[in-house]
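One letter stands for each residue in the lines below.
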Amino acid sequence: QGSITASIPTFPLQGKKFTRKGPIRGPGINNGTLRVFGKIRGGGRKAKGNVRIAFKSDGGAGCGTGKLNWKTS
């Protein structure tokens, strides 16, 4: 039990599409990754894409979200 944290460092955008990943940390997590995919729209005022979280526990069991959609408003 406990909090799970994930982070992606700030990065410059080049073009309209981006893909980034960062580590997931938390109690009992052996190896985890947050992956974000996106596309900039509206001249840079909006963005949309998907995010996926996947990790393995210290015991070897895997867990993940599949792809979840996101968008700015």
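Refer to the preceding data block for the structure.
These remarks concern the structure in this document.

The rules behind each value
Residues numbered from 1 in each chain as written. Predicted model: local features only at pLDDT ≥ 70, side-chain atom pairs only at ≥ 80, totals over all residues. Heavy atoms only, no water. Helix = DSSP H or I, 4+ residues; strand = E, 2+ residues; numbered from the N terminus. Rg over C-alpha atoms; globule rule 2.2 N^0.38 Å. Buried < 20%, exposed > 50% of the residue type's maximum accessible area, 1.4 Å probe, protein only. Contact = heavy atoms within 4.5 Å. Phe/Tyr/Trp six-rings, centres within 6.5 Å; stacked < 30°, edge-to-face > 60°. Lys NZ or Arg CZ within 6 Å of the ring centre and 35° of its normal. Patch = residues over 30% accessible without salt bridge, like charges linked within 9 Å, V, L, I, M, F, W, Y side chains within 5 Å. Areas by Shrake-Rupley, 256 points an atom, 1.4 Å probe, with all protein chains shown as cover. Salt bridge = Lys/Arg side-chain N within 4 Å of Asp/Glu carboxyl O. Lys, Arg positive; Asp, Glu negative; His and termini not counted. Charge placed at Lys NZ, Arg CZ, Asp CG, Glu CD. Pairing = 2+ DSSP bridges.

## Comments concerning the overall build of the protein
Next, step 1: Secondary structure summary: the protein contains zero helices and six strands in total.
Next, step 2: Reading the protein from its N terminus to its C terminus gives the helix and strand order β-β-β-β-β-β.
Next, step 3: Against the globule reference of 11 Å for 73 residues, the protein gives a C-alpha radius of gyration of 14 Å, more extended than a compact globule.
Next, step 4: Judged by the C-alpha coordinates and their principal axes, the protein covers about 45 × 20 × 20 Å.
Next, step 5: A burial count over the protein gives 18% of its 73 residues as buried.
Next, step 6: Within the protein, counting contacts between residues at least 6 apart in sequence, those at least 24 apart form 26% of the total.

## Here we look at the packing of aromatic side chains
Next, step 1: All told, the structure shown has two aromatic pairs when counted by the stated rule.
Next, step 2: Note on Phe11 and Phe18: the rings are 5.6 Å apart at their centroids and 50° apart in plane angle, and the pair reads as tilted.
Next, step 3: On the accessibility criterion, Phe18 (13% relative accessible area) is buried.
Next, step 4: Aromatic side chains Phe18 and Trp70 sit 6.4 Å apart centroid to centroid with 40° between the ring planes, which places their arrangement in the tilted category. Of this pair, Phe18 sits in strand β2 (residues 17–25) while Trp70 sits in strand β6 (residues 68–71), placing them 52 residues apart in sequence.
Next, step 5: Above the plane of the ring of Phe11 lies Arg20, whose end atom (NZ or CZ) is 4.1 Å from the centre.

## What about a positive patch on the surface?
Next, step 1: Together, Lys16, Lys17, Lys39, Arg41, Arg45, Lys46, Lys48 and Lys71 make up a positively charged patch on the protein surface.
Next, step 2: Along the chain, Lys17 falls in strand β2.

## A word on the pairing of strand β3 (residues 29–41)
Next, step 1: Across seven bridges, the pairing between β2 and β3 is antiparallel. Opposite Gly22, over in β3, you have Leu34 as the bridge partner.
Next, step 2: Where β2 folds back on β3, the antiparallel hairpin that results is connected by three residues, among which Gly28 adopts a positive phi of roughly 80°.
Next, step 3: Between the antiparallel neighbours β3 and strand β4 (residues 46–57) lie four residues, among them Gly42 with a positive phi of about 55°.

## Here's the deal with the environment of Gly26
Next, step 1: Relative to the elements of secondary structure, Gly26 occurs in the loop between β2 and β3.
Next, step 2: C-alpha separation for the pair Gly26 and Arg52, spaced 26 residues apart in sequence, amounts to 17 Å.

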